[in-house]
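Spelled out from the first residue to the last, the chains are:
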Amino acid sequence: MKETDSMVNSEPGAHIEEWLHSCIRCGTCKYQFLEYEASCPSGEHFGFETYFASGRIWLARGLQTNQIQWDDSLLQSIFACTTCGACEVQCHAPHRGHIIDIIEDLRRIAVENVGALEAHEKFRNYVEEYHNPYKAEHHSRELVQEHNLPETAENVLFVGCTSNYRETQIRDATISVLKKAGVDFTIVDEFCCGSPLLRTGQNKSVNELMQHNADAIRSSGAKQVITSCAGCFRTLSKDYSELGLKLDVEFIHSSEMFRDLIRAGNLRVISSASDLNITYHDPCHLGRHMGVYEIPREVLSQLPVSVIEMKKNRDNAWCCGAGGGAKSAYEEMAISTGKARVQQAMETGAQKIVSACPFCTRNLRDAAGSDEIDVIDLAELVDELTVGRKPLSQSP
Amino acid sequence: MEIKQRLMKIVGPERVADGAAEKHVYSYDMTENPSLPPSLVVMPQTLEEVQQIVQAANTTKTPLIPFVTGQSVGGLTIPAVEGAVIVDLKRMNRIIEVDEEAMYVLVEPGVTFGHLKKYLDDHHPTLRYTYPLAPPYTSVLANALLEGLCDLSTRHGAMADFINGLEAVLPTGEVVRVGTGASGEGNWFSRYPLPDLVGLFAGWQGMTGIVTKMALQLWPKMPFNRHVGLLCFGEEPTIRMLTRIARTQVLDDSVCVSTPLVKMVSGVAAPVELYDGEPDYGMLLTVSGNTETEVSEKINVIRRIVNEERETDSRHVLISWEGLMKLMGDQWGPFVDLPSEMYKVLAEHDGLTWVGTYIHPKYWKTVLEEGRAIVEKYGFELIANLKAMKGMHFGEFKFIFRFPKDDDTVKRVRECNAELLDLALSYGAIPYKTPVWAAKKLQERLDPNFVMLMRRVQRALDPNGIMNPGRWGLDERD
């Protein structure tokens, strides 16, 4: 561990304690403010008060003040939540920006008192043994040879486990785009960023993962880290900082890189007219958690596609259903939430849902099933509809 | 078979919950009233399921407590007895019918003010319902049953007065309809001239059955509306002006609050205090009409009364809506569209409470003066809320407290509320959305034969005593 990396971490319960007396359960968190559309995937799925943000806050207060004791029956209401953050957008109480902090705090304490959910413990063990939650053979560095990447570079592409081991077409498309745009980048020996553990209250192993990734990024000499995973983006740029990591690099989501490459002319958009209608799904970790709504849309606006917005978009976007450990532990809720999002997309008449997060892409595709709508990642679309800068020899 | 198994058979296991989380979360409301956990929570979606739940509860003698959207107050959904089952009705949330000609809407319990407003704006833009100073996701049906107030109360009265009829599952399991809707579908135009059996359900706090549908009066959305603010000094002039203006019958609604609440809406951070020289009260007065001239003349009626009062104290100020927005900020805008939006300023802590009462106009000023002294003695923010009701046939009076639910503050709130209730009762005021502790105080002042009649009605309808037992203090089985 570097001396500069002070492993600061708030004590479990600190967020709950700070906001112990702030929620009257007015219910504003349940619905899209002034539009009166459902906002909370968990609450919509289960219906009981315990599955809305206000119920969880009251539960946290009850546990913090010892009004109730820990038992297994508490776990579902604590963990069956995608932590999408839609409640924070709707809430008008003083704790409005801290509801996810409170829920994740509650999860940490739950893990300490009752233990992690079996599904979550399983992927934690995989992360510890295989450095990814999928029990896949660890191979990040092999991509350097495969794609003939340099040992050191200005940029690191942090691939992320889902792209690397499940949605590999997103990884390949991202690499393809960066290469054809002439970006100086490499791939490091990355471990899981720790997002699945942080989101499920299993924080203990995260410092080790963070330190490994920090060392790997430092050794690359990079000034910028690019990732196409919204979850990784949030963890690298927000959680690592909150955990006390001091790393002199800038973290950006790949959509920002795509936008800048197109603007600079390093990527040229295929100019042929297209009758492709797409709709954009805001990933929670990119949108509500990090405030990035317009950059992916700016990319899409440069491509020969028509973008039709879903009724619920930007900070009111309906969650894909996968986050916060929901996909592994509460598959039924994850799929029903995803189906609702797919339905919203189909109502636009779009042929494709474009997301900017491999985990969203995965769950939306699972939810879409045989529905007549494709689910792809922004990187795939950019790769398909752009070419690199013309070689000088071909210039007029 | 135990009640849990019976209920799971009726609604399916996924809509029955008896975990520690549910027992805890459903054992509280936002007020200071003491908690008691239910044995489980059941979530029906249809009338038939509600009926079967009630029938099962009769078999096992299980107490049932209706619950809707969770913004409960007065401890009304907190079990008063052990072993109760909460019947969470939020998934019965259909707007079944809007009758444009007879101007009513037929709703299920889970329909909220926000949803109804949006629905009417989208589909029936010439009609409006009426909205309270409550969170936008409060149940329309529950608020009407509990006789709360709204933004047409100065003209039309408490929300129960808007009920044309209802459908309910009796405590013995039969489904009944009262009002003209009893004569057939699509005919919920009035509760009269039949015997007014709405009264068997309104105000009963769920003791006489589970209401599953309600027909509520809608009103034409008037083409011209105007709001004016009135800042005034002293309890006596404030009440006098409000009373005089309300008696002219020009108002749709009146809200009179103490200045700290005005400052809260304007963005002043808690704790909000009242400083020397500031007006004591602020009123928002609403008028409407078919022509601009009609509205202007109504405003002139108000202005004339204020000008007469200004001859005694020139500090009273009538302010146009535009002036009020400039003075207080744009955040006042949503309030006139949907008063619920102002509720957010009360969402400062995990506790919110009040002793709300309806009172004879002649005691209004006195109870406000003496109530203010009580609140100041306990050191709480001064948040008085007054409304002229039904053309000034009576007044509404309450002091609201937003408070952290730590042990010391809760104790102080209970003491203050008890003192305020004693004061109000001493002037003949009647509390609404009444907690059990307040109902017991009220009973001491009511004609014993009235209490006897309540008890007799309740027992006739609910021989097994399963519906929200203990409410209204009717727990003794003598």
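What counts and how
- Residues numbered from 1 in each chain as written.
- Chains lettered and ligands numbered in written order.
- Predicted model: local features only at pLDDT ≥ 70, side-chain atom pairs only at ≥ 80, totals over all residues.
- Helix = DSSP H or I, 4+ residues; strand = E, 2+ residues; numbered from the N terminus.
- Rg over C-alpha atoms; globule rule 2.2 N^0.38 Å.
- Contact = placed C-beta atoms within 7 Å.
- Pairing = 2+ DSSP bridges.
- Axes fitted to C-alpha atoms, helices over the stretch in contact; angles between N-to-C directions.
- Core = buried A, V, L, I, M, F, W, Y, C linked by C-beta atoms within 7 Å.
- Buried ≥ 20, exposed ≤ 12 C-beta atoms within 10 Å, placed from the backbone.
- Nonpolar A, V, L, I, M, F, W, Y, C, P; charged D, E, K, R; others polar.
- Parallel < 35°, antiparallel > 145°, perpendicular 65-115°, else oblique.
- Left-handed = near helix turned anticlockwise from the far one by under 90°.
- Domains from an automatic or database assignment.

## Topic: the overall build of chain A
Thinking step 1. A count of helices and strands for chain A gives 19 helices and ten strands.
Thinking step 2. On C-alpha atoms alone, chain A measures out to a radius of gyration of 21 Å, which is about the 21 Å that the 2.2 N^0.38 rule sets for 396 residues.
Thinking step 3. Projected onto the principal axes, the alpha-carbon positions of chain A cover approximately 75 × 50 × 35 Å.
Thinking step 4. Residue pairs in contact within chain A that sit at least 24 positions apart in sequence constitute 78% of those at least 6 positions apart.

## Concerning the sheet that holds strand β2 (residues 185-186) of chain A
Residues and elements named next belong to chain A.
Thinking step 1. On the basis of which strands lie adjacent, the open sheet formed by four strands has the order β2-β1-β3-β4 and parallel pairing. Each end of this open sheet is capped by a strand with a single partner; those strands are β2 and β4 (250-253).
Thinking step 2. Across four bridges, the pairing between strand β3 (residues 224-227) and β4 is parallel. Pairing of I226 across the sheet is with I252, part of β4.
Thinking step 3. Helix-sheet contacts for helix α13 (residues 230-242) involve β1 (155-158), β3 and β4, and the interaxial angle to β4 is about 160°.

## A word on the nonpolar core
Most often, soluble globular proteins keep nonpolar side chains buried together rather than apart.
Thinking step 1. In this structure, V87 and L216 of chain B are the most contacted members of the largest nonpolar core, which totals 274 residues.
Thinking step 2. Among the elements that line this core, the one with the most residues is helix α6 (residues 99-113) of chain A, at seven residues.
Thinking step 3. If sequence neighbours within four positions are ignored, L216 of chain B has contacts with Y104, V105, V107, Y129, V140, A144, F162, I163 and N164 of chain B.

## A look at the interface of chain B and chain A
In many analyses, interface size is given as the accessible surface area lost on bringing the parts together.
Thinking step 1. Counting from both sides, the interface comprises 34 residues of chain B and, opposite them, 29 residues of chain A.
Thinking step 2. For the side of chain B that touches chain A, the elements supplying multiple residues, two or more each, are α2 (20-25), α4 (113-123) and β16 (351-354) of chain B.
Thinking step 3. A breakdown of the residues in the side of chain B that touches chain A according to their chemical character gives 15 nonpolar, nine polar and ten charged.

## Let's talk about the packing of helix α14 (residues 254-264) of chain A against helix α15 (residues 294-302) of chain A
In a packed pair of helices, the relevant descriptors are the angle between the two axes and the axis-to-axis distance.
All names here are of chain A.
Thinking step 1. The N-to-C vectors of α14 and α15 enclose an angle of 40°; their axes lie 8 Å apart at closest approach. Taken together, the axes of α14 and α15 are oblique relative to one another. Like other packed secondary-structure pairs, α14 and α15 cross with a definite hand, here left-handed. Touching S255, E256, F258, R259 and I262 of α14 are I295, P296, E298, V299 and Q302, all from α15.
Thinking step 2. Grouping the constituent residues of the contact of α14 with α15 by class yields five nonpolar, two polar and three charged.

## Looking at the domain arrangement of chain B
Thinking step 1. By the assigned domains, chain B splits into domain 1 (3-88), domain 2 (95-220), domain 3 (224-431) and domain 4 (436-473).
Thinking step 2. The straight-line distance from the C-alpha centre of domain 1 of chain B to that of domain 3 of chain B is 36 Å.

## Thoughts on the environment of G267 of chain B
All names here are of chain B.
Thinking step 1. Looking at the secondary structure, you find G267 in the loop between α8 (259-265) and β14 (281-289).
Thinking step 2. The exposure class assigned to G267 is exposed, which follows from the 10 C-beta atoms found within 10 Å.
Thinking step 3. Beyond its immediate sequence surroundings of up to four residues, G267 is in contact with G329 and Q331.

## A few points about the environment of Y363 of chain B
Thinking step 1. Mapped onto the fold, Y363 of chain B is located in helix α12 (residues 361-378).
Thinking step 2. Judged by the 17 C-beta atoms lying within 10 Å of it, Y363 of chain B falls in the partly exposed class.

## A look at the pairing of strand β19 (residues 394-403) of chain B
All names here are of chain B.
Thinking step 1. With ten of ten residues buried, β19 lies mostly within the body of the structure.
Thinking step 2. Here β19 shows no split at all, with F394, E396, K398, I400 and R402 on one side and G395, F397, F399, F401 and F403 on the other all buried.
Thinking step 3. Bridge analysis of strand β17 (residues 357-359) against β19 gives three bridges, and the strand direction is antiparallel. From the neighbouring strand, T357 faces β19, where its bridge partner is F397.
Thinking step 4. As paired strands, strand β18 (residues 384-389) and β19 are joined by six bridges and run antiparallel to one another. Bridge assignment links L386 to a residue of β19, and that residue is F397.
Thinking step 5. Connecting β18 to the next strand, β19, in antiparallel fashion are four residues, including K390 with a positive phi near 50°.

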